[in-house]
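Architecture and fold: a report
Chain by chain, the residues run as shown.
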Amino acid sequence: MAEEHIQLVEHFPDADAYCRLRAQAGMSPKTLEAARKGLPNTLYGVSLTRDNEVIGMGRIIGDGGCFYTVVDIAVAPAYQGRGLGKRIMNALDAWLRQNAEPSAYVTLVADGEARHLYAKYGFVETAPASVNMEYIVAPRLPD
Ligand SMILES: CC(C)(COP(=O)(O)OP(=O)(O)OC[C@H]1O[C@@H](n2cnc3c(N)ncnc32)[C@H](O)[C@@H]1OP(=O)(O)O)[C@@H](O)C(=O)NCCC(=O)NCCS
């Protein structure tokens with residue numbers, strides 16, 4: 001696969017491509033409505049495209065001053081393991097170095113082996129001193 005045909009663009013995918021790629025990459029699903037509301041609030045995001053198809057993505061959300069969170073790092077399965085995750089993280093890391101305020105807290109949740117990727121960019125594990133805590137909002141029942 002010719003690496004030069006894969007472009008990194010400094011633009012996050014639209015809601016459809018985003019939901020599709022999350023599913024392809026085996027990540028928990030987001031509704032289209034959630035994506036349509038949430039994605040415009042991205043501070044910085046990138047896409048990897050090949051022949052107009054989105055095959056990778058990553059973005060940073062946060063308050064733009066004190067707190068930044070790296071989310072939605074994904075590469076389509078057929079393209080994993082060839083440096084594309086690093087290409088995405090290089091772009092996000094460069095943006096953070098340029099834009100994040102000194103003293104800002106930058107976090108992410110690393111799933112499985114992806115922690116090895118993030119460790120390359122200075123992220124350190126916080127457990128057991130602090131642990132990630134979470135819940136996912138359940139579908140609303142009709143009135
Ligand atoms: C995580 C993910 C984005 C990595 O993308 P990728 O293109 O496969 O990653 P790369 O080829 O750029 O590898 C980057 C580094 O990650 C680490 N890495 C990635 N997968 C790994 C694995 N299974 N085991 C150990 N290290 C791994 C390696 O350190 C590698 O660096 P190296 O090649 O210099 O050793 C991709 O596997 C993915 O989309 N997974 C499914 C969705 C997901 O889990 N996203 C992360 C949510 S936190």
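Refer to the structure presented above.
Everything numeric here is computed off the predicted structure, so don't read it as measured data.

**A closer look at the overall build of the chain**
- When its secondary structure is counted, the chain shows four helices and five strands.
- In sequence order, the chain lays out its α and β elements as β-α-α-β-β-β-α-β-α.
- At 16 Å, the chain has a C-alpha radius of gyration in line with the 15 Å of a compact globule built from 143 residues.
- Seen through its C-alpha atoms, the chain measures out along the principal axes to roughly 45 × 45 × 25 Å.
- Residues classed as buried in the chain amount to 32% of the 143 residues present.
- Counted over contacts in the chain with a minimum sequence separation of 6, partners at least 24 positions apart contribute 62%.
- Only carbon and sulfur atoms are counted for the fraction: they give 53% of the accessible area of the chain, which is about 9,500 Å².
- For the chain, the centre of its 14 positive side-chain charges and the centre of its 17 negative side-chain charges are spaced 2 Å apart.

**Some remarks on the site of the ligand**
- In the region of the ligand, 21 residues are neighbours, and Val75, Gly81, Gly83, Gly85 and Lys86 sit closest.
- At 3.4 Å from an oxygen atom of the ligand is found a side-chain nitrogen or oxygen belonging to glutamine 80.
- Within the backbone of glycine 83, a nitrogen or oxygen atom sits 2.8 Å from an oxygen atom of the ligand.
- Protein chains shield 70% of the accessible area of the ligand, which is 920 Å² for the free molecule.
- Sorting the residues of the shell around the ligand by element identifies strand E4 (67-75), helix H3 (84-99) and helix H4 (114-119) as the ones contributing at least two each.
- The element best represented in the shell around the ligand is H4, accounting for four residues.
- Classifying every residue of the shell around the ligand gives 11 nonpolar, five polar and five charged.

How each quantity is defined
- Residues numbered from 1 in each chain as written.
- Predicted model: local features only at pLDDT ≥ 70, side-chain atom pairs only at ≥ 80, totals over all residues.
- Heavy atoms only, no water.
- Helix = DSSP H or I, 4+ residues; strand = E, 2+ residues; numbered from the N terminus.
- Rg over C-alpha atoms; globule rule 2.2 N^0.38 Å.
- Buried < 20%, exposed > 50% of the residue type's maximum accessible area, 1.4 Å probe, protein only.
- Contact = heavy atoms within 4.5 Å.
- Areas by Shrake-Rupley, 256 points an atom, 1.4 Å probe, with all protein chains shown as cover.
- Lys, Arg positive; Asp, Glu negative; His and termini not counted.
- Charge placed at Lys NZ, Arg CZ, Asp CG, Glu CD.
- Near = heavy atom within 4 Å.
- Polar contact = N/O pair within 3.5 Å; in protein donor to acceptor, adjacent residues only side chain to side chain.
- Nonpolar A, V, L, I, M, F, W, Y, C, P; charged D, E, K, R; others polar.

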